[in-house]
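So you can see what is in the structure, the chains are spelled out below.
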Amino acid sequence: MKKLKKNKIFENMGLKMLALIVAFALWFVVMNLQDSIITRTISNIEVNMRNGDVINESGYLYNITNGEKVSVLVKGPRSIVENLDEENFTAVADLSQLSVTNSTTISVSTNYTVSATNAAKLTITPINNYVTLSVEEENEKSVPVKVITKGAVKEGYQLGNPVPTPNMITVTGPESVLDSIVEVRAVVDVNGAESEISEYVSVGCIDAYGSAVEKDNISLSDSEVSVGIPVYNTKEIPIEVSTIGNVASGYGIRTVNFEPSTVIISGDEEVLKTVESVNINDVVVSEAKENIEKNVNIDEYLPEGVFVADNSDSEVAVNVSVEETSEREVVMAAANIIIDGRSGAYDYTIPSAGVTKVKVVGFEEDLEDVTIEKLSPHVDVKDKENGEYALLVTFTDGDNYRVSGTYSVVVKIEEKGVGTSNSSTSGATTEE
């Protein structure tokens, strides 16, 4: 009798079932790796304050001290969570439900930007889920207006001082907010300006850190101010510095250095035309034996209506170098003296014999090359007629040396043809 063959479908059934289970497990693992459950923190979600009018209607103002923004932990499939940011959430705090500590909870949910299907797969847990308020009576404070400019005026021009009207504004709000406000700021665009600026500008409150104070519970007596800003011409002029007084005996001024050497000034165009330099002529050196250093305010030497432009330094640093001096004697003979103012009708002679030693004071290294020719001694006989005259000898001082004392010579004047006029001989006298 023949045996019936088994259906091949059922052969190795155990192995086939095992293969099916392994395949399903692999599929499950791969799918979970591709879209695993993750947790992510999303911060800076703006909290909407609702029913704040309930507090205001009670005659009080409120200030949010904590909880204006909230952070949340979001748990869900990677494919959803990784594409979320603060714009996908709505955070709400109901201020009509304040506790005795003036706080209330924040509720956070996804908004219309997230589908209902995806939202159902998410778990949202607020991290800091309380709003805390300070509830205060209304107060007011007068705050100065400060004008800030942006941009640059046209080249060759300079801004004057801005004048806001009004220059004080009353701010009303909770005292805790008012305490943080230090100024009301108006920003004016001056780019390319070449004439006076006059315009109305919106204002905003600023705290001590330079940040805007943007609160719904404060109000200003004026939302804008009128700002006038003069625009002046500019001009670059040189600075000149000179000293007054004499340094101590045995000392001299080696150099007078100063920085800057020029300054940019501003003012009315017609006034600027009259100003050619800044003359600082009162640096006192009397009896000095050491270097003198000082800072000088340029504004003190400018005429009324002219001032240093903002892009220039208003101070000049002056340094007067004072050093000990030396002496040297240079021989002067009659032949070295130049007689000025001669008339063709007279003969001129210096009759006395001898030479005169001229004392020169200066810095040692500068005295080495001093000669009587460099000192160029002169006497002046202009309008002098017959006779003998004791005349003062003048010299040409150098930058770093000078003749010390006074010197004179006798000059004899005779009409031509009367007496003899041979070569001059020295008759110089010295007065220390």
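Caption draft 1: Main features of the side chain of Asn 111. Residue placement: Asn 111 occurs in the loop between strand E5 (103-110) and helix H4 (116-119). A polar contact of 2.9 Å, which involves the side chain of Asn 111, links it to the backbone oxygen of Glu 87. Discounting chain neighbours no more than four positions away, the residues touching Asn 111 are Glu 87, Asn 88, Phe 89 and Thr 90.

Caption draft 2: Main features of the pairing of strand E4 (residues 89-94). As paired elements, strand E1 (residues 37-50) and E4 share 4 bridges and run parallel to each other. Across the sheet, Asn 48 pairs through a bridge with Val 92, a residue of E4.

Caption draft 3: Representation of the sheet that holds strand E3 (residues 69-77). In space, the 7 strands of this open sheet follow the order E2-E7-E5-E4-E1-E3-E6, with mixed pairing throughout. Of all strands in the sheet, those with a lone pairing partner are strand E2 (61-66) and strand E6 (123-126), marking the two edges. Taken pair by pair, the neighbouring strands of this sheet meet at an average axis angle of 35 degrees, ignoring direction.

Caption draft 4: Summary view of the sheet that holds strand E29 (residues 401-403). Sheet architecture is open: 3 strands sit in the order E23-E26-E29, paired in antiparallel fashion. Each edge of the open sheet is held by one strand with a lone partner, namely strand E23 (326-332) and E29. Neighbour to neighbour, the strand axes of the sheet diverge by 30 degrees on average, direction disregarded. Judged from the 3 bridges that link them, strand E26 (residues 356-362) and E29 form a sheet pairing that is antiparallel. Pairing of Val 361 across the sheet is with Arg 402, part of E29.

Caption draft 5: Focus on the confidence of the model for the protein chain. Averaged over every residue, the pLDDT of the protein chain is 87; residues scoring 70 or more account for 89%. By mean pLDDT, the top-scoring element of the protein chain is strand E27 (residues 378-380) (96), and the lowest-scoring one is strand E31 (residues 428-431) (51). Across residues 420-427, where pLDDT falls below 50, the model places 26 contacts with residues more than four positions away in sequence or in other chains.

Thresholds applied
- Residues numbered from 1 in each chain as written.
- Predicted model: local features only at pLDDT ≥ 70, side-chain atom pairs only at ≥ 80, totals over all residues.
- Heavy atoms only, no water.
- Helix = DSSP H or I, 4+ residues; strand = E, 2+ residues; numbered from the N terminus.
- Polar contact = N/O pair within 3.5 Å; in protein donor to acceptor, adjacent residues only side chain to side chain.
- Contact = heavy atoms within 4.5 Å.
- Pairing = 2+ DSSP bridges.
- Axes fitted to C-alpha atoms, helices over the stretch in contact; angles between N-to-C directions.
- pLDDT = per-residue confidence, 0-100.

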